[in-house]
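Read off the chains here:
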Amino acid sequence: MSTKIAIAGALFLTATPAGLTALWPAAGDASVQRHVAISGPIEAFTQTQDRIQVRLHPATNAAERAARRSVIVSDPNGGTLSIPLKPGQTWASGVLPPDLAGAGKLEIRVE
């Protein structure tokens, strides 16, 4: 009896990953190929579909910290997203409008 339970358990553990892999949706190509112009103290940025996150270099003094008021994301057609910054903040994130999320060219700057 215990042998049958052990065999059934082993079959279940073996078949579960294969079954889940077959049912899991395909990842698809979520990347958008584009030219991005970056200006200011930006360390890196990432975009996942319509969400963007911008990492900033830490400010070196109080004047630099106070001068950073927002991250501006824009495209050549006039679409703009302004993400406000608090003094000393080293990252900013926001939801891109559809025109910016799919734009072929973006400009990201700190003002």
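Participant: I'd like a description of the sheet that holds strand S2 (residues 42-48), backed by residues and values.
Facilitator: Taken in spatial order, the three strands line up as S2-S3-S6 in an open sheet, and their pairing is antiparallel. The sheet terminates laterally at S2 and strand S6 (91-95), the two strands that pair on one side only. Pairs of neighbouring strands in the sheet enclose a mean axial angle of 15°, with direction left out of account. Where S2 lies against strand S3 (residues 51-56), six bridges are found, and the strand directions are antiparallel. Bridge pairing links Thr46 to Gln53 in S3.

Participant: Could you give me a rundown of the sheet that holds strand S7 (residues 105-110), with the residues and numbers involved?
Facilitator: Spatial strand order, S1-S7-S4-S5: four strands in an open sheet with mixed pairing. Whereas interior strands pair on both sides, the edge strands pair on one side only; in this sheet they are strand S1 (35-39) and strand S5 (80-84). Pairs of neighbouring strands in the sheet enclose a mean axial angle of 15°, with direction left out of account. Taken together, the five bridges between strand S4 (residues 70-74) and S5 define a ladder with antiparallel strand orientation. Each bridged residue has a counterpart across the sheet, and for Ser74 the counterpart in S5 is Thr80.

Participant: A description of the environment of Glu111 should follow, citing residues and the corresponding values.
Facilitator: Here Glu111 is to be found in the segment after S7. When its relative accessible area of 37% is taken as the criterion, Glu111 is described as partly exposed. Excluding residues that lie within four positions of it along the chain, Glu111 makes contacts with Ala67, Arg68, Arg69, Ser70 and Ile72.

Participant: Explain the pattern of salt bridges to me, using residue names and the numbers behind them.
Facilitator: Here the idea is simple: oppositely charged side chains can pair when their charged atoms come close. Considering all chains together, one arrives at four salt bridges under this definition. One salt bridge connects Arg55 with Glu43, and the closest N-O pair in it is separated by 3.0 Å. Here the residue Arg55 occupies a position in strand S3, and Glu43 occupies one in strand S2, the gap between them amounting to 12 residues. Note on Arg55: relative accessible area 45%, which makes it partly exposed. By relative accessible area, Glu43 is classed as partly exposed at 40%. Residue Glu107 is joined to Arg109 by a salt bridge in which the shortest nitrogen-to-oxygen separation is 3.8 Å.

Participant: Describe in detail the environment of Val110, supporting the description with residues and values.
Facilitator: Relative to the assigned elements, Val110 resides in strand S7. Taking relative accessible area as the criterion, Val110 reaches 17% and is therefore assigned buried. The spacing of Val110 and Ile42 is 68 residues in sequence and 7.6 Å in space, taken between C-alpha atoms.

Definitions and cut-offs
- Residues numbered from 1 in each chain as written.
- Predicted model: local features only at pLDDT ≥ 70, side-chain atom pairs only at ≥ 80, totals over all residues.
- Heavy atoms only, no water.
- Pairing = 2+ DSSP bridges.
- Helix = DSSP H or I, 4+ residues; strand = E, 2+ residues; numbered from the N terminus.
- Axes fitted to C-alpha atoms, helices over the stretch in contact; angles between N-to-C directions.
- Buried < 20%, exposed > 50% of the residue type's maximum accessible area, 1.4 Å probe, protein only.
- Contact = heavy atoms within 4.5 Å.
- Salt bridge = Lys/Arg side-chain N within 4 Å of Asp/Glu carboxyl O.

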